[in-house]
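One letter stands for each residue in the lines below.
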Amino acid sequence: ASVVRNKLEAKIVEQQKVFSAFKKEHGNTKIGEITVGSVCGGMRGMAGILYETSKLHPIQGINYREKDLYEIKEQAPRAEGGREPLPEGVLWLLLTGEFPNEQELKEFQSELYQRGHLSKDEERLIQAFPKDMHPMTQFSMGVMACQPNSKYAKAYRDGVHKSKYWETTLEDALDVCAKVPRIAGLVFNNSYGHGKPMPDQDPSLDYSANYARYLGIEDKNFSELMRLYLVLHAYIYFIFINFISDHEGGNVSAHATHLVGSTLADPYLSFAAGMNGLAGPLHGLANQECLRFLLDFQTKYGTKWTEHDIRDYVRDTLASGKVVPGYGHAVLRQTDPRFMCELEFANHYIHDDNLVNLVKACYRVIPDALAQTGKVSNPWPNVDAGSGALLMHYGLNQFDYYTVLFGVSRALGVMSAQVWSRALGLPIERPNSLTLNHLMKKVKNE
Ligand code: CMX
C-alpha cells in the first residue's frame, strides 16, 4: 500500500462526514442562477462541479488546497540545491492538503520510482506506434496501453464494496502519475529519437530528472555534471510549475477526466479522456500559437527590435481581426501567477536570450495596447505568454510535443481529484440538455 494511504484515509473519513452532513442540510439551498447566457455560452461562470483539489480565483490565480502559487513555491519541498517545488511534494499536497515531511517525501519518491516501471509489452506497444502519429495521440494511446493493469477495474470486477472504491483508485492514480513521464518519454523517443535507444529509469534521479533524461536532456561529461544537474532540474521544474498540474475542475481536461470517472470508469480510461480534450487547439495547444506569434515577430523584425515595433505588431494583429495569444483569460483578471513564475524563473536562470527578452518586453507593452481597445476584460498575460520561449531556450523545439508536457503535469491534478471524487461517492454526472426550441419556450414560461 502507498505511504500516503494512512494519512489520506484519516482525512477522507473526516471529510466524508462533513460532506454528508452538508448535503443533508443544504441540499436545497440556492447558490446561483442559470441564465440563457450560461446555457448558450459553454456553461461559463456556472458552478456545477464538486472538485476538491484546487480552485481558480480571478485575482490570486490558482489555489491548491487553499494555497496560492507563491505560497506553494515558498513552502513546498525542493530538491537539494533546487529552487522550484518538487512535483512529488505537490502531488502529496493535492492528495492530503498538506506537504509531506522529509521522511514521507523520501519514501513517496521511492514509491513513485517503483510504480513508474512499464512492462516490456507496454513499452513495445508504445514503441510500435507510427513515428508520425501526433504525440498527443500516442500519449493518450500509451496511457490506454497500461489500462489492462488497472487495480480499480479488477477490484470492481471482483465486487469490491463502494466504500472502498477510493483505495484502488488511489493505487491507480499513483500508478498513472508515476508512469506518465515514462509513457511521455517513450513518445518523445519514438517521434524524435531517430532510432536512439530509450534510456532506462535511473534510481539515482528523481521523478522530474528521470523525465528530463528521457527527453535527452543530459550530459555524461562529469565536469559539467553539477551545472547540468541544476539546469536540468531548473528546466524540468519549470515544466511542472508552469504547465501547472491543476486548474480547478471546469477546464476541459479536468472536467473530461472527472466526467468519465463519474461512470466509475477506472483512472486510466478517465485520464486518457482528459488528454484527448487537452489535445484540442483551444485548450492545450494555445502555447504553440503564442510561440508562433513571437517567432513570426522575430522573422519580421529580426533580433534588433524595439518596443515601438511590438506596439506596431500588436496594432497590425488586432487590425487583422486576430487575438494576441498569451494575453487575456476567461476567469483571471490579473497577470497569471503562472506567468509570474515563468518570469521569475527566466530572470534567475536565463540571460541574453532574445526570445525570452521579447517575452519580457511584450509584458511591458501589450497590456497597455490591449487595454486601449476598451473591450478586453483582462489585458494581462496568461501562462502561455512565456512557456514556449522558455522551452525553446532549452532546445525543446518540437512544438507538437509541448501539449504532452502539459499532459504529464496535469496527471497530478486530475488523478488526485479522482481519488477524492470516489472517496466522497460522487454520482454519475447527468445534466439536462435543451433544444433551442425548449430553451425559447422556457424563456416564455411555456
Ligand atoms: N487579444 C485581442 N483581443 C482580445 C484578447 C486578446 N488577447 N483577449 C480578449 N480579447 C477580445 C475578445 O476577442 C472579445 O472581443 P469581441 O467582443 O470582439 O469578441 C473581447 O476582447 C472580450 O473578451 P474577454 O471577455 O476579454 O475574453 P473571453 O473570456 O471571451 O476570452 C480568451 C478569453 C483567453 C479566450 C481571450 O482572452 C483570448 O482569446 N486570448 C488569446 C488566446 C490565449 O492566450 N489563450 C490561452 C488562455 C490560457 C488559459 O486558458 O489558461
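What you see is a predicted model, and the numbers here were worked out from it, not measured in a lab.

Colleague: Describe the pairing of strand β1 (residues 54-57), listing the residues and the values that go with them.
Modeller: Pairing geometry for β1 and strand β2 (residues 61-64), over 4 bridges, is antiparallel. Its bridge partner being in β2, L56 is matched across the sheet by I62.

Colleague: Requested: an account of the nonpolar core, with residues and values cited.
Modeller: C177, I236, F271 and A411 are the most contacted members of the largest nonpolar core, which totals 105 residues. Leave out the neighbours within four places in its chain, and I236 touches S208, A209, Y211 and A212.

Colleague: With reference to specific residues and values, describe helix α13 (residues 267-278).
Modeller: Across its 12 residues, α13 extends 16 Å between first and last C-alpha, which sits within 8% of the 16 Å expected from 1.5 Å per residue. Within α13, 11 of the 12 residues are buried, which leaves the element mostly enclosed by the surrounding structure.

Colleague: Which residues make up the site of the ligand, and what values do they have?
Modeller: Taken together, 18 residues sit near the ligand, with V323, Y327, G328, A330 and S377 positioned nearest. Looking at the shell around the ligand residue by residue, the classes come out as 10 nonpolar, 6 polar and 2 charged.

Colleague: Kindly report on the sheet that holds β2, identifying the contributing residues and their values.
Modeller: Through backbone hydrogen bonds, the strands of a sheet pair up, either in parallel or in antiparallel fashion. The antiparallel open sheet is built from 3 strands, whose spatial order is β1-β2-β3. Looking at strand neighbours, the two that pair on one side only are β1 and β3 (67-68), the edges of this open sheet. Relative to β3, β2 is paired through 2 bridges, and the arrangement is antiparallel. Counterpart to Y64 in the pairing with β3 is K67.

Conventions adopted
- Residues numbered from 1 in each chain as written.
- Predicted model: local features only at pLDDT ≥ 70, side-chain atom pairs only at ≥ 80, totals over all residues.
- Pairing = 2+ DSSP bridges.
- Helix = DSSP H or I, 4+ residues; strand = E, 2+ residues; numbered from the N terminus.
- Core = buried A, V, L, I, M, F, W, Y, C linked by C-beta atoms within 7 Å.
- Buried ≥ 20, exposed ≤ 12 C-beta atoms within 10 Å, placed from the backbone.
- Contact = placed C-beta atoms within 7 Å.
- Expected span 1.5 Å × (residues − 1).
- Near = placed C-beta within 6 Å.
- Nonpolar A, V, L, I, M, F, W, Y, C, P; charged D, E, K, R; others polar.

Purely geometric stuff here, so don't read any function into it on its own.
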